[in-house]
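Per-entry structural report
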Amino acid sequence: MSGKIEVATFGAGCFWCTEAVFLNVKGVQKVESGYSGGKIKDPSYREVCTGTTGHAEVTQITFDPTIISFEDLLEVFWNTHDPTTLNRQGADEGTQYRSVVFYHDESQKKTAEAYLKQLEASKVYKNPIVTEISPLTNFYKAEDYHQNYYALNSNQGYCQYVIRPKVDKFKKQFASKLK
């Protein structure tokens with residue numbers, strides 16, 4: 001390990017789902033659920049759920065770029081949610097569930113834009129991709145009960161019927177990237 005770490009921040013619908021996926025990726029050291037892109041400081045889950053704060057539910061991913069690249073993380077990101085539905089993932093609806101890459105530097109911005117352009121050119125999706133690519137201006141860690149949610153609540157209904165199938169599909173599709 002190089003000792004160098006980087007951070008990526010993605011919004012892909014419910015942060016419980018996104019966190020559960022990225023915790024399984026080789027080279028990922030930490031995943032924190034939180035809120036980014038809004039206009040009030042340190043919002044609560046209840047405030048974000050109103051859809052009026054401007055925040056997205058996000059996961060902030062700390063990773064070792066010598067093991068997993070930012071581009072590889074983008075591949076996982078774009079393949080584990082529907083980037084063609086505006087402000088919606090499954091039954092979750094509202095601006096807080098938007099598809100978004102919050103880039104940390106110019107290199108991440110260029111990589112995300114190039115990846116998006118390549119995805120659009122490949123016509124992988126029937127509908128237009130609506131993923132936002134924006135600078136990270138803030139990240140507020142979500143309340144403790146949101147952290148590692150799937151692992152701590154795997155028998156809960158939402159975990160069984162929404163998160164588990166997503167994680168299982170991810171594990172099949174990305175076997176080579178699993179821890």
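The present account deals with the structure reproduced in this document.

Reading the values: the criteria
Residues numbered from 1 in each chain as written. Predicted model: local features only at pLDDT ≥ 70, side-chain atom pairs only at ≥ 80, totals over all residues. Heavy atoms only, no water. Helix = DSSP H or I, 4+ residues; strand = E, 2+ residues; numbered from the N terminus. Rg over C-alpha atoms; globule rule 2.2 N^0.38 Å. Buried < 20%, exposed > 50% of the residue type's maximum accessible area, 1.4 Å probe, protein only. Areas by Shrake-Rupley, 256 points an atom, 1.4 Å probe, with all protein chains shown as cover. Axes fitted to C-alpha atoms, helices over the stretch in contact; angles between N-to-C directions. Parallel < 35°, antiparallel > 145°, perpendicular 65-115°, else oblique. Left-handed = near helix turned anticlockwise from the far one by under 90°. Contact = heavy atoms within 4.5 Å. Nonpolar A, V, L, I, M, F, W, Y, C, P; charged D, E, K, R; others polar. Pairing = 2+ DSSP bridges. Salt bridge = Lys/Arg side-chain N within 4 Å of Asp/Glu carboxyl O.

1. Considering the overall build of the protein chain
- A tally of helices and strands in the protein chain yields 6 helices and 8 strands.
- Mapped from its N terminus to its C terminus, the protein chain presents α and β elements in the order β-α-β-α-β-α-β-β-β-α-β-β-α-α.
- Its C-alpha radius of gyration of 15 Å places the protein chain within 12% of the 16 Å reference for a compact globule of 179 residues.
- With respect to the three principal axes, the spread of C-alpha positions in the protein chain is 35 × 35 × 30 Å.
- When burial is assessed residue by residue, the protein chain has 46% of its 179 residues classed as buried.
- Counting every atom, the protein chain has about 9000 Å² of accessible surface; 50% of that belongs to carbon and sulfur.

2. Digging into the packing of helix α3 (residues 70–79) against helix α4 (residues 106–122)
- Interaxial distance between α3 and α4 falls to 10 Å at its minimum, and their mutual angle equals 45°. The angle between α3 and α4 falls in the class oblique. For the pair α3 and α4, the sense of crossing is right-handed. Contact residues: α3 offers F70, E71, L74, E75, W78 and N79, while α4 offers Q108, T111, A112, Y115, L116 and L119.
- Taken together, the residues that form the contact of α3 with α4 break down as 7 nonpolar, 3 polar and 2 charged.

3. Quick notes on the side chain of Q96
- Within the secondary structure, Q96 is located in the loop between β5 (92–93) and β6 (99–103).
- Residues contacting Q96, with those up to four places away along its chain left out, are V48, C49, G51, H55, A56 and E57.

4. Considering the sheet that holds strand β2 (residues 28–36)
- Taken together, the 6 strands give an open sheet; going across it, the order is β7-β6-β1-β3-β2-β8, and neighbouring strands pair in mixed fashion. Each edge of the open sheet is held by one strand with a lone partner, namely β7 (132–135) and β8 (140–141).
- Sheet analysis places strand β1 (residues 6–12) next to β6, joined by 4 bridges and oriented antiparallel. Among the inter-strand pairings, A12 is bridged to a residue of β6, identified as S99.

5. Considering the pairing of strand β3 (residues 56–63)
- Taken across its 8 residues, β3 has 8 buried, putting it largely inside the fold.
- Both faces of β3 are covered, namely the face carrying A56, V58, Q60 and T62 and the face carrying E57, T59, I61 and F63.
- Sheet topology places β1 next to β3; 5 bridges connect them, and they run antiparallel. Within β3, the position partnered with A8 by the bridge is I61.
- Across 8 bridges, β2 lies against β3 in antiparallel orientation. Each bridged residue has a counterpart across the sheet, and for E32 the counterpart in β3 is Q60.

6. Observations concerning the pattern of salt bridges
- Here the structure, examined in full by the defined rule, presents 5 salt bridges.
- Where E32 meets K141, a salt bridge forms, and the shortest distance between an N and an O atom there is 3.4 Å. With E32 in strand β2 and K141 in strand β8, this pair connects stretches of sequence that are 109 residues apart.
- R98 serves as the salt-bridge partner of E132, at 3.1 Å between the closest nitrogen and oxygen.

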